[in-house]
Amino acid sequence: MSTPLLSRRALLAGGSVLATTMLLPRHALAAGRVVTPAYPGPWEEAYRAVVLPAVKKTADVDTVITPLLALDQVAKVKASRATPPLDIFMLDPGPAVVAIEDGLVDKFDPARCKNIANLQKTFYDDWGVAVAAQIVGIAYNPKKVDRPKGWKDLFDPKYNGKVGISGFGTTFGTSSLIEISKQYGGSLTNVDPAFEQLKKWLPNVAVIAQNPVAVNTLFQQGQMDVTYTNYQTVSTLKGRGVDIEFVKPDSGPIAFYTTLHVVKNAANKDNAYKFIDTVLSTEVQAALQKPPYSLLSVNKNVPLQPDMPVDIVKSHAELASFIHHDWTKINPNRAAWIERFNKEIRQ
Amino acid sequence: MDRAVQQGDPAIAERRAVAPREREGLLTLPLALFFLLFFLAPLGLLAGISLRVTPQFAGWGPQQYAKFAGDAFNWSVLGQTLLLGVKTVVVTACIGVPLGLLFMEAPRRLQPALLFIIVLPLLTSVVVRTFAWIVILGREGLLNNVLMGLGVVTTPIRLLGTELGLVIALSQIEMPLMLLPLISVMSRLDPNLKDASAALGAGRWRTLFRVTLPLSLPGLVAGCLLVFASSVTAFVSQTIIGGGRMVLMPFYIWQQATTLFNWPFAATLSMVLLVSVLAVVTTLNALGRRTRALAAG
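Residues numbered from 1 in each chain as written. Chains lettered and ligands numbered in written order. Predicted model: local features only at pLDDT ≥ 70, side-chain atom pairs only at ≥ 80, totals over all residues.

S.K.: Hey, could you go over the overall build of chain B for me, with residue numbers and the actual values?
M.R.: Looking only at helices and strands, chain B features 14 helices and zero strands. Traced from its N-terminal end to its C-terminal end, chain B shows the element sequence α-α-α-α-α-α-α-α-α-α-α-α-α-α. Computed over its C-alpha atoms, the radius of gyration of chain B comes to 26 Å, more than 25% above the 19 Å expected for a compact globule of 297 residues. By its C-alpha atoms, chain B is 90 × 65 × 30 Å across when sized along the principal axes. Counting all 297 residues of chain B, 31% fall into the buried class. Sequence separation of 24 or more characterises 75% of the internal contacts of chain B that already satisfy a separation of 6 or more. (Helix = DSSP H or I, 4+ residues; strand = E, 2+ residues; numbered from the N terminus. Rg over C-alpha atoms; globule rule 2.2 N^0.38 Å. Buried ≥ 20, exposed ≤ 12 C-beta atoms within 10 Å, placed from the backbone. Contact = placed C-beta atoms within 7 Å.)

Written out as structure tokens, the structure is:
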């Protein structure tokens, strides 16, 4: 008999060593851990660079960051309610309403975060707390196209073949399409005019993106020169040397708050509160607001100036004057809008 | 000595002959259990969910299937998805067969290196491959720059977000799945057959079409099968290169499950896709068996 490359004993020994390392608890080395999602891309980068070390320092908690979009987080937790894979939710207003209504979110106790004292009362409620403001408007490539002024300009023939759009799958997509609809006689719950415009103008659309990460890549690749998106995305791309500028639409920019929530039945609730408290601290909020992250602070001690350009937003008071959408009214319509978008946009 | 031992007790001999085979059968038990636990059970669960009436999981019934059948949009999504698979199979087969033949003609020393190049696409992450295709197919991408540089076109042609672009990208991404089974069958062909064919007076083309290609058919069929199943379900490539203008089944399922939280309908779509792909694969398999019989006869 020929000698096998690996004897049975060697194989078994090696195998059991491997199995043992896999079975060892991974958090054995740390005081504790917390599993938090972060939106893929800029958010994830910012949280990895700023929040992760801060949480380790202030609370001796190891943070595991899982890059997930808001609705993906809700789906993951929904699929495993009793033992959720996340301790924290990071959500935009629409998905937050979905998660709360579905009973996936734990009641939020502000008393467990000492840094809550630095926040306006409007930034937290019984279910969660805002950690950053986002502004939605129009992005364009200043080297290739004229500066657009407002939503109607997206349909200007001079931008034919240069505009990229995305549907109702994202917060900024939904908000933008609602504002477009308003320009043509629609309202928060009536997007028919937006659909009519899109349908007429479909042959001139450069690209229709199906997810927000693709929007960034497509812009970077020159596949589109005008699109609607978050200010923070523009700031990140600009930081990488992409020719991109942000415009506040003349009818007013949209603002919304991204919130953190404690997941119901979370394994590490105490650490989740410690994590949220750290995110709200003055130092972390200040660091997250610095370009290229540009996550607008919610902390009173961290003014928006000088990190934010004066022409985008001067102060928290100005931010409050931007357009805020009521997602409890939007959500019941969203499924129908998404299905309609599928059908009308398809070639 | 006992006669029974001398001549061998037939019962014992039989037991000896059968026992190892039975024990060998036991060796498949772990895999069978694995499949049962991690494949069949979830599949059963999926089928169960598809029979729920509302997204809140109330009641049982075939309502979701009725909803699917009742909307022409759903049928056209399914049709376009399956057609995408067919188109990818045709392109990979048309490129794969000549490549396979070239590979067989290449010097033996070069073959391992060539094989490495063929497998290379499998060694890079699908996300990386897909984003690379964005760079190539984009408006200011490699392909358009070359075409414009050569003066073939004056304005960039739109490839991203079109079916053409998607088929091009998928053909490259899925090519190893076509080439590997094809080459493994081709390399097992008896080289004497070609000489025999030549000795009997057949030219090179005739030998190719009457001997080499028919004998390679089982490999081709296996390749088609793999490419079809893989390209029909290539979620990442489909969504990123195909974009929002193309709604295909994998994206549709994802949207229903994670954006709209309509799990019963998502499960229904999954079952429909599964059955459709299985139907095509079974047909191809039957075809494969016939070609193998042809090759053997």
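Still more to cover.
S.K.: So what's going on with the overall build of chain A? Which residues, and what values?
M.R.: Looking only at helices and strands, chain A features 12 helices and nine strands. A compact globule built from 347 residues would reach a C-alpha radius of gyration of about 20 Å, and chain A, at 23 Å, matches this within 12%. Based on the C-alpha atoms only, the size of chain A along its principal axes is roughly 75 × 65 × 40 Å. Among the 347 residues that make up chain A, the fraction classed as buried is 48%. Taking the contacts inside chain A whose residues are at least 6 apart along the sequence as the reference set, 72% of them involve residues at least 24 apart.

S.K.: Tell me about the nonpolar core, and name the residues and values.
M.R.: Ranked by internal contacts, the top residues of the largest apolar core, which has 153 residues, are I88, F89, V129, V263 and I276 of chain A together with L269 of chain B. Counting residues per element, this core draws most heavily on helix α9 (residues 163-186) of chain B, which supplies 13 residues. Counting only domains with at least three residues in this core, you end up with domain 1 (29-133 + 256-321) and domain 2 (135-255 + 327-345) of chain A. Dropping the residues within four chain positions of it, I88 of chain A is found in contact with V34, T36, P37, L260, H261, V262, V263, A272 and F275 of chain A. (Core = buried A, V, L, I, M, F, W, Y, C linked by C-beta atoms within 7 Å. Domains from an automatic or database assignment.)

S.K.: Could you give me a rundown of the domain arrangement of chain A, with the residues and numbers involved?
M.R.: Residues and elements named next belong to chain A. Each assigned domain of chain A is listed here: domain 1 (29-133 + 256-321) and domain 2 (135-255 + 327-345). Just the C-alpha atoms count here: the centres of domain 1 and domain 2 sit 26 Å apart. Across the contact, 17 residues belong to domain 1 and 20 residues belong to domain 2.

S.K.: How would you sum up unusual backbone geometry? Please name residues and give values.
M.R.: In most cases, non-glycine residues show a negative phi, while peptide bonds are predominantly trans. Residue P292 of chain A is bonded to the preceding P291 of chain A through a cis peptide linkage, with omega at 5°. Assignment of secondary structure puts P292 of chain A in the loop between α10 (282-289) and α11 (316-321). Non-glycine residue F261 of chain B carries a positive phi angle of around 55°. Counting through the fold element by element, F261 of chain B comes out in the loop between α13 (249-259) and α14 (263-296).

S.K.: Can you explain the confidence of the model for chain B? Please cite residues and give values.
M.R.: All names here are of chain B. Residues at a pLDDT of 70 or more form 91% of chain B, whose mean pLDDT is 86. In this model, residues 1-5 is a region of pLDDT below 50 whose contacts with residues beyond four sequence positions or in other chains number two contacts. Per the prediction output, this complex has pTM 0.82; the corresponding ipTM is 0.79. (pLDDT = per-residue confidence, 0-100.)

S.K.: Which residues make up the pairing of strand β7 (residues 226-230) of chain A, and what values go with them?
M.R.: Residues and elements named next belong to chain A. Counted residue by residue, β7 has five buried out of five residues, so it is predominantly covered. Where strand β4 (residues 129-140) lies against β7, five bridges are found, and the strand directions are antiparallel. Following the sheet pairing, A139 is matched in β7 by T227. In this structure, strand β5 (residues 163-166) lies alongside β7, joined through two bridges in parallel fashion. (Pairing = 2+ DSSP bridges.)

S.K.: Residue-level account of the confidence of the model for chain A, with values.
M.R.: Scored by pLDDT, chain A comes out at a mean of 89, with 91% of its residues at no less than 70. Averaged pLDDT values for the elements of chain A fall to 64 in helix α1 (residues 8-23) of chain A and rise to 97 in strand β3 (residues 88-91) of chain A.

S.K.: Describe in detail the pairing of β3 of chain A, supporting the description with residues and values.
M.R.: All names here are of chain A. Burial along β3 is two-sided: I88 and M90 facing one way and F89 and L91 facing the other are all buried. When β3 meets strand β9 (residues 254-262), the two strands line up antiparallel, connected through four bridges. Paired with I88 across the strands is V262, a residue of β9.

S.K.: Just give me the short version of helix α2 (residues 42-59) of chain A, but keep the residues and values in it.
M.R.: Side chains of residues three or four places apart in an α-helix project in the same direction, reflecting 3.6 residues per turn. All names here are of chain A. Taking 1.5 Å per residue, 18 residues should reach 26 Å; α2 reaches 24 Å between its end C-alpha atoms and fits that length. Remark: the principal bend of α2, roughly 35°, maps to R48. On its buried side, α2 packs onto β1 (33-38), β2 (62-67), α8 (231-239), α9 (269-280) and α10. Looking one or two places after α2, you find D60, whose phi comes out positive at around 50°. (Expected span 1.5 Å × (residues − 1). Bend = angle between axes of the 7 residues up to and from the residue.)

S.K.: Can you break down the environment of A96 of chain A residue by residue, with the values?
M.R.: All names here are of chain A. Along the chain, A96 falls in helix α4 (residues 93-101). The spatial distance from the C-alpha of A96 to the C-alpha of A287 is 25 Å, given a sequence separation of 191 residues. In contact with A96, not counting residues within four places along its chain, are L91, G128, T259 and H261.

S.K.: Talk me through the environment of V242 of chain A; I want residue IDs and the actual numbers.
M.R.: Residue and element names in this part refer to chain A. Structurally, V242 is set in the loop between α8 and β8 (245-247). V242 sits 20 residues away from G222 along the chain, and the two C-alpha atoms are 9.7 Å apart. Among all residues touching V242, those that are not within four sequence positions of it are F219, Q220 and L237.

S.K.: Please provide a residue-by-residue account of α9 of chain B, values included.
M.R.: All names here are of chain B. The end-to-end C-alpha distance of α9, which contains 24 residues, comes to 32 Å, matching closely the 34 Å that a straight helix rising 1.5 Å per residue would cover. Residue E174 marks the point of greatest curvature in α9, where the axis turns by about 50°; the proline P176 follows within four residues. Counting buried positions along α9 gives 18 out of 24 residues, so the element sits mostly inside the fold.

S.K.: Mind laying out the packing of helix α5 (residues 72-105) of chain B against α9 of chain B, listing which residues take part and the relevant values?
M.R.: Residue and element names in this part refer to chain B. For the pair α5 and α9, the least separation of the axes is 7 Å and the interaxial angle reads 45°. In terms of axis orientation, α5 runs oblique to α9. In this structure, the crossing between α5 and α9 has a hand that is right-handed. The residue makeup of the contact of α5 with α9, split by class, is 17 nonpolar, five polar and three charged. (Axes fitted to C-alpha atoms, helices over the stretch in contact; angles between N-to-C directions. Parallel < 35°, antiparallel > 145°, perpendicular 65-115°, else oblique. Left-handed = near helix turned anticlockwise from the far one by under 90°. Nonpolar A, V, L, I, M, F, W, Y, C, P; charged D, E, K, R; others polar.)

S.K.: An account of the packing of α4 of chain A against helix α12 (residues 327-345) of chain A is needed here, citing residue identities and associated values.
M.R.: All names here are of chain A. At a closest axis distance of 9 Å, the pairing of α4 and α12 adopts a crossing angle of 80°. In terms of orientation, α4 and α12 fall into the roughly perpendicular class. For the pair α4 and α12, the contacting residues are P93, G94, V97 and V98 in the first and W327, T328, I330, N331 and R334 in the second. Of the residues assigned to the contact of α4 with α12, the class counts are five nonpolar, three polar and one charged.

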